Amino acid sequence: MINLPSYDIGSISSPEQGLEMIRNNLIALKQIALETDFAQKESKENFYRNLSFIKQYYERVDYLLAMEGR
């Protein structure tokens, strides 16, 4: 199964850096989606785990924006 690259999301230090990471991961997620057999439960669950991982980037960017008062 294909997964997004592992990354310490806590090391993202700026919203811009986080947004760039999101962009890169969405490009990778598109490829994962094309190669995922959604008819297989395990493959579908793996895809959803990748989605959950990307959500953590959004949460980090939201946190950083709040810290900057934006």
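Before any of the text, the structure's been laid out above.
Note that the structure is predicted; figures quoted are calculated from it, not measured.

Novice: Lay out the pattern of salt bridges in plain terms, naming residues and giving numbers.
Specialist: All chains considered together, the criterion is met by 5 salt bridges. As a salt-bridge pair, Arg-23 and Glu-20 come within 3.0 Å of each other at their nearest N and O atoms. In this pair, Arg-23 and Glu-20 both sit in helix H1 (residues 15-35), 3 residues apart, roughly one turn of the helix. Accessibility expressed as a relative area gives 43% for Arg-23, which makes it partly exposed.

Novice: How would you sum up helix H2 (residues 41-67)? Please name residues and give values.
Specialist: The first and last C-alpha atoms of H2 sit 39 Å apart over 27 residues, in line with the 39 Å expected at 1.5 Å per residue. Taken as a whole, H2 has its buried residues at Ser-43, Asn-46, Phe-47, Asn-50, Phe-53, Ile-54, Tyr-57, Arg-60, Val-61 and Leu-64. The elements touched by buried residues of H2 are H1. A positive backbone phi angle near 75° is found at Gly-69, which sits one or two residues after H2.

Novice: Tell me about the packing of H1 against H2, residues and numbers included.
Specialist: Two quantities define a packed helix pair, namely the angle between the helix axes and the distance between the axes. At their nearest, the axes of H1 and H2 sit 9 Å apart, and the two run at 165° to each other. Taken together, the axis directions place H1 and H2 in an arrangement best described as roughly antiparallel. Relative to H2, H1 is oriented so that their crossing is left-handed. Residues Pro-15, Gly-18, Leu-19, Met-21, Ile-22, Asn-25, Leu-26, Leu-29, Ile-32 and Ala-33 of H1 pack against Phe-47, Asn-50, Leu-51, Ile-54, Tyr-57, Tyr-58, Val-61, Leu-64 and Leu-65 of H2. Among the residues forming the contact of H1 with H2, the class breakdown is 16 nonpolar, 3 polar and no charged.

Novice: Any details on H1? Residues and values, ideally.
Specialist: End to end, H1 covers 30 Å across 21 residues, agreeing with the expected 30 Å (1.5 Å per residue, within 8%). Of the surrounding secondary structure, the elements contacted by the buried residues of H1 are H2.

Novice: Go over the packing of aromatic side chains, please, and point to the residues and values.
Specialist: Throughout the structure, instances matching the rule amount to 4 aromatic pairs. Ring centres 6.4 Å apart and planes at 25° place the aromatic pair Tyr-7 and Tyr-57 in the stacked group. Separated by 50 residues along the polypeptide, Tyr-7 in the segment before H1 and Tyr-57 in helix H2 bring together distant segments of the chain. Taking relative accessible area as the criterion, Tyr-7 reaches 29% and is therefore assigned partly exposed. Taking the centre distance of 5.4 Å and the plane angle of 85° together, the rings of Phe-53 and Tyr-57 count as edge-to-face. Residue Phe-53 and its partner Tyr-57 are located together in helix H2, separated by 4 residues, close to a single helical turn. Given the relative accessible area of 18%, Phe-53 is considered buried.

Calculation criteria
- Residues numbered from 1 in each chain as written.
- Predicted model: local features only at pLDDT ≥ 70, side-chain atom pairs only at ≥ 80, totals over all residues.
- Heavy atoms only, no water.
- Salt bridge = Lys/Arg side-chain N within 4 Å of Asp/Glu carboxyl O.
- Helix = DSSP H or I, 4+ residues; strand = E, 2+ residues; numbered from the N terminus.
- Buried < 20%, exposed > 50% of the residue type's maximum accessible area, 1.4 Å probe, protein only.
- Expected span 1.5 Å × (residues − 1).
- Contact = heavy atoms within 4.5 Å.
- Axes fitted to C-alpha atoms, helices over the stretch in contact; angles between N-to-C directions.
- Parallel < 35°, antiparallel > 145°, perpendicular 65-115°, else oblique.
- Left-handed = near helix turned anticlockwise from the far one by under 90°.
- Nonpolar A, V, L, I, M, F, W, Y, C, P; charged D, E, K, R; others polar.
- Phe/Tyr/Trp six-rings, centres within 6.5 Å; stacked < 30°, edge-to-face > 60°.

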